[in-house]
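# Structure assessment
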Amino acid sequence: MTEIPKEEFILKCTSACAGCPSTLILRYVLKAAGSDTVLVVPACCTSVIQGIYPNTAVNVPLYNVAFAAAAACASGMSEAFQKAGKKTNVIVYAGDGGTVDIGIQALSGAFERETDFLYICYDNEAYGNTGMQRSGSTPIGARTTTTPGGKVHAKKDLDAIVAAHNPSYLATACAAYPQDLFKKVQKALTLRGSKFIHVLAPCPPGWRFSSEMTVEMGKLAVRSGLWILYESEFGKVTINGPSKAAMIKPVPIEDYLSVQGRFKGIDRKAIDALKSQAEQRAKHLQKEAEGIC
Amino acid sequence: MSTRPAISRPIKGASGKTGSWRVFKPVVDKERCNACGICAMFCPDAAISEDLVVDLDFCKGCGICAHECPKKAISMEREEK
Ligand SMILES: Cc1ncc(C[n+]2csc(CCOP(=O)(O)OP(=O)(O)O)c2C)c(N)n1
Ligand code: SF4
Ligand code: SF4
Ligand code: SF4
Ligand SMILES: [Mg+2]
């Protein structure tokens with residue numbers, strides 16, 4: 001087992017909801033990154049959960065920045081550290097809304113410039129902080145406050161957009177697999193250039209399940225094949241253990257959907273769309289891992 | 001015009017204590033526990049110490065530790081009001 005440092009960089013405790021995946025993910029991101037790190041956080045749950053001004057629960061420097069600006073801000077920071085001869089890690093920690101919708105042009109610009117930084121998107125599949133409005137990352141069929149009948153459009157393929165920039169490292173992770181996440185953050189930070197990790201964040205109030213199920217929900221997402229754990233180092237794709245197992249023997253997607261209030265009453269068409277998206281994605285990644293495409 | 005940046009300082013208890021609003025609290029059955037540490041690994045707020053003591057000042061009572069414990073050694077008990 002990987003030796004994970006005992007030191008905590010999130011002081012007890014945040015003001016996040018009970019069972020918050022974003023807090024759990026950030027805990028392991030910071031354990032992997034260590035104290036010589038600056039976080040850049042655009043408007044999202046993580047802006048709020050730090051605590052009450054003038055106090056913060058986050059024990060590394062953290063810059064709260066405007067919604068659209070995280071990757072641009074990180075670019076400047078990374079450049080400044082380089083000029084000063086410092087090796088400080090610059091990490092953007094952003095929600096899905098701040099990544100797939102509002103921050104995407106800054107993200108694209110930074111990756112095009114090969115900015116030396118790590119961009120982490122924790123994906124709770126909606127605009128959580130403002131009351132769970134749909135985002136480009138909300139899956140088809142999911143009810144949000146702005147899609148009360150279930151979302152009509154498919155989840156945006158963020159990873160494909162980032163992959164088109166040929167980053168030095170791209171990976172997915174999930175709140176239910178903290179050791180895997182830890183290793184990926186550590187690896188990303190050893191590489192130069194733009195790195196990206198997309199972390200699934202099952203959110204109890206947003207997805208409408210009870211707070212003890214956060215980790216279970218993440219495991220179900222992976223075991224059903226709806227969320228695939230993989231990494232791509234300079235374009236070379238590896239599918240990680242739990243997802244390899246899920247590709248051989250997946251649990252039914254319905255086992256994942258039926259335990260979440262946001263999918264209550266989802267119709268057959270939307271379930272079939274989710275299934276075929278998952279299958280296509282798995283096929284594509286398997287081909288890439290075998291070096292066929 | 002001069003502006004000052006709003007800077008927060010890191011401190012324990014930046015969001016207050018949770019004991020006043022928590023509804024259920026985790027209670028560990030030491031007989032059943034095999035000290036695997038899985039509960040502490042998954043606690044979002046790191047409220048379970050290395051020697052597996054729950055810090056009830058900051059535990060939110062989410063129940064993840066109880067749900068993930070492979071030995072079923074943790075039960076969630078309703079707080080006395
Ligand atoms: C330009 C701008 N538009 C809207 C907002 C309001 N706002 C703050 S956080 C947020 C939701 C963020 O969603 P996401 O990025 O998914 O993060 P989450 O809250 O889910 O963690 C919104 C809409 C804002 N702060 N700035
Ligand atoms: S809404 Fe979800 S992501 Fe946001 S603080 Fe609550 S549990 Fe965490
Ligand atoms: S998960 Fe259960 S068995 Fe393992 S240390 Fe915690 S209480 Fe003990
Ligand atoms: S109930 Fe939740 S917050 Fe409390 S110790 Fe268990 S996992 Fe941590
Ligand atoms: Mg979100």
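The structure we're discussing is the one just above.
Residues numbered from 1 in each chain as written. Chains lettered and ligands numbered in written order. Predicted model: local features only at pLDDT ≥ 70, side-chain atom pairs only at ≥ 80, totals over all residues. Heavy atoms only, no water.

## So, the side chain of D55(B)
Heads up, the rule is: Put simply, DSSP H or I for four residues or longer makes a helix, DSSP E for two residues or longer makes a strand, and each gets a number counted from the N terminus. Only protein chains enter the accessibility calculation, which uses a 1.4 Å probe. A residue is then buried if its area is under 20% of the maximum for its type, exposed if over 50%, and partly exposed in between. Throughout, a contact is declared for two residues whenever any of their heavy atoms are within 4.5 Å.
Mapped onto the fold, D55(B) is located in the loop between α1 (38-42) and α2 (64-68). Classification of D55(B) as buried rests on a relative accessible area of 18%. Beyond its immediate chain neighbours, meaning those up to four positions away, D55(B) contacts K12(A), K12(B) and A47(B).

## Some words on the environment of G109(A)
All names here are of chain A. The residue G109 is located in helix α5 (residues 104-112) in this model. Among the residues examined, G109 registers a relative accessible area of 17% and is labelled buried. For the pair formed by G109 and H165, sequence separation is 56 residues and the distance between their alpha carbons is 9.5 Å.

## Quick look at the packing of aromatic side chains
Aromatic ring pairs are defined here through the distance separating the ring centres and the angle between the ring planes. All names here are of chain A. Condition: Side-chain rings of Phe, Tyr and Trp (the six-membered ring for Trp) are treated as a pair once their centres are within 6.5 Å; stacked means planes under 30 degrees apart, edge-to-face means over 60, and tilted covers the remaining angles. Sitting over a ring, as applied to charges here, requires NZ of Lys or CZ of Arg to be within 6 Å of the ring centre and within 35 degrees of the ring normal.
Scanning the model with the defined rule gives 7 aromatic pairs over all chains in all. Ring geometry for Y93 and Y122: centres 4.8 Å apart, planes at 20°, overall stacked. In this pair, Y93 is assigned in strand β4 (residues 89-95) and Y122 in strand β5 (residues 117-123), connecting sequence segments 29 residues apart. Judged by centre distance (6.4 Å) and plane angle (75°), the ring pair of F111 and F196 falls under edge-to-face. Pair noted here: F111 is in helix α5 and F196 is in strand β7 (residues 194-200), with a separation of 85 residues, a long-range link. With respect to class, F111 is no different from F196; both count as buried. By way of ring pairs, the aromatic residues F111, F117, Y119 and F196 are connected into one cluster. Here the guanidinium or amino end of R262 rests over the ring plane of W207, the centre of that ring lying 3.8 Å away.

## Quick word on the coordination of the magnesium ion (ligand 5)
Condition: Excluding water, the donors of a metal are its N, O and S neighbours within 2.8 Å, or within 3.2 Å for Na, K and Ca, and that exclusion means sites may look incomplete.
Within the protein, the magnesium ion (ligand 5) binds to D96(A) (OD), N124(A) (OD1) and A126(A) (O); these donor distances fall in the range 2.0 to 2.1 Å. Judged by relative accessible area, D96(A) falls into the buried class, the value being 1%.

## Considerations on the interface of chain B and chain A
What counts, and what does not: A simple way to read buried area is as the amount of 1.4 Å-probe accessible surface that goes missing from two parts once joined, with both sides added. Each reported salt bridge corresponds to a side-chain nitrogen of Lys or Arg within 4 Å of a carboxyl oxygen of Asp or Glu. Here a polar contact is recorded for every N or O atom pair within 3.5 Å, except that within protein the pair must consist of a potential hydrogen donor and a potential acceptor, and residues adjacent in sequence are included only if both atoms are side-chain atoms.
Taken residue by residue, the interface counts 29 residues in chain B and 38 residues in chain A. Interface area lost by chain B to chain A is led by S15(B), M41(B) and P44(B), which between them contribute 19%. Run the count over chain B and chain A and you get 2 salt bridges. On inspection of chain B and its partner chain A, the count reaches 19 residue pairs in polar contact (both at pLDDT 80 or more). Put simply, the parts of the chain that give the side of chain B that touches chain A at least two residues each are β1 (9-10), α1 and α2 of chain B.

## What to know about the site of ligand 4
What counts, and what does not: Note on definitions. A residue lies near a molecule or strand when any single heavy atom of the residue is within 4 Å of it. When residue character is reported, Ala, Val, Leu, Ile, Met, Phe, Trp, Tyr, Cys and Pro are called nonpolar, Asp, Glu, Lys and Arg charged, and the others, Gly included, polar.
The local shell around ligand 4 consists of P26(B), C43(B), I48(B), V54(B), C59(B), K60(B), G61(B), C62(B), G63(B), C65(B) and M76(B). Considered class by class, the residues forming the shell around ligand 4 number 8 nonpolar, 2 polar and 1 charged.

## Let's talk about unusual backbone geometry
Residues and elements named next belong to chain A. That bond from K12 to C13 is cis: its omega, -15°, falls within 30 degrees of zero. Mapped onto the secondary structure, C13 falls in the segment before α1 (21-33). Cis geometry marks the peptide bond from Y53 to P54; its omega dihedral reads 5°. Checked against the element boundaries, P54 lands in the loop between α2 (45-48) and β2 (55-56).

## Re the side chain of S194(A)
Residue and element names in this part refer to chain A. Mapped onto the secondary structure, S194 falls in strand β7. Taking the relative accessible area as the measure of exposure, S194 reaches 4% and is therefore buried. Polar contacts involving the side chain of S194 include one to the main-chain carbonyl oxygen of T115, which spans 2.7 Å. Residues contacting S194, with those up to four places away along its chain left out, are A110, F111, E114, T115, F117, P167, S168 and Y169.

## Things to note about the sheet that holds β7(A)
All names here are of chain A. Stated formally: Any two strands are treated as partners once DSSP identifies two or more bridges connecting them. Every angle, taken between N-to-C directions, lies between 0 and 180 degrees, and every axis is a line fitted to C-alpha atoms, over only the stretch in contact when it is a helix.
Reading across the sheet, the 8 strands line up as β3-β1-β4-β5-β7-β6-β8-β9 and stay open at both edges, with mixed pairing between neighbours. Strand pairing shows two members of the sheet lacking a second neighbour, β3 (62-65) and β9 (236-239), which therefore form its edges. Across the sheet, the mean angle separating the axes of adjacent strands is 20° when strand polarity is ignored. The pairing of strand β6 (residues 169-174) with strand β8 (residues 230-233) spans 3 bridges and is classified as antiparallel. Each residue of the ladder has a partner; that of A171, found in β8, is E231.

## Brief notes about the packing of helix α3 (residues 70-83) of chain A against α5(A)
Residues and elements named next belong to chain A. Here α3 crosses α5 at 35°, and the two axes come no closer than 7 Å. Of α5, the residues touching α3 (which contributes A71, A72 and S75) are A106, L107 and A110. A breakdown of the residues in the contact of α3 with α5 according to their chemical character gives 5 nonpolar, 1 polar and no charged.

## A word on the site of ligand 3
Taken together, C33(B), N34(B), A35(B), C36(B), G37(B), C39(B), L52(B), C69(B), P70(B), K71(B) and I74(B) form the complete shell of residues around ligand 3. Taken together, the residues of the shell around ligand 3 break down into 8 nonpolar, 2 polar and 1 charged.

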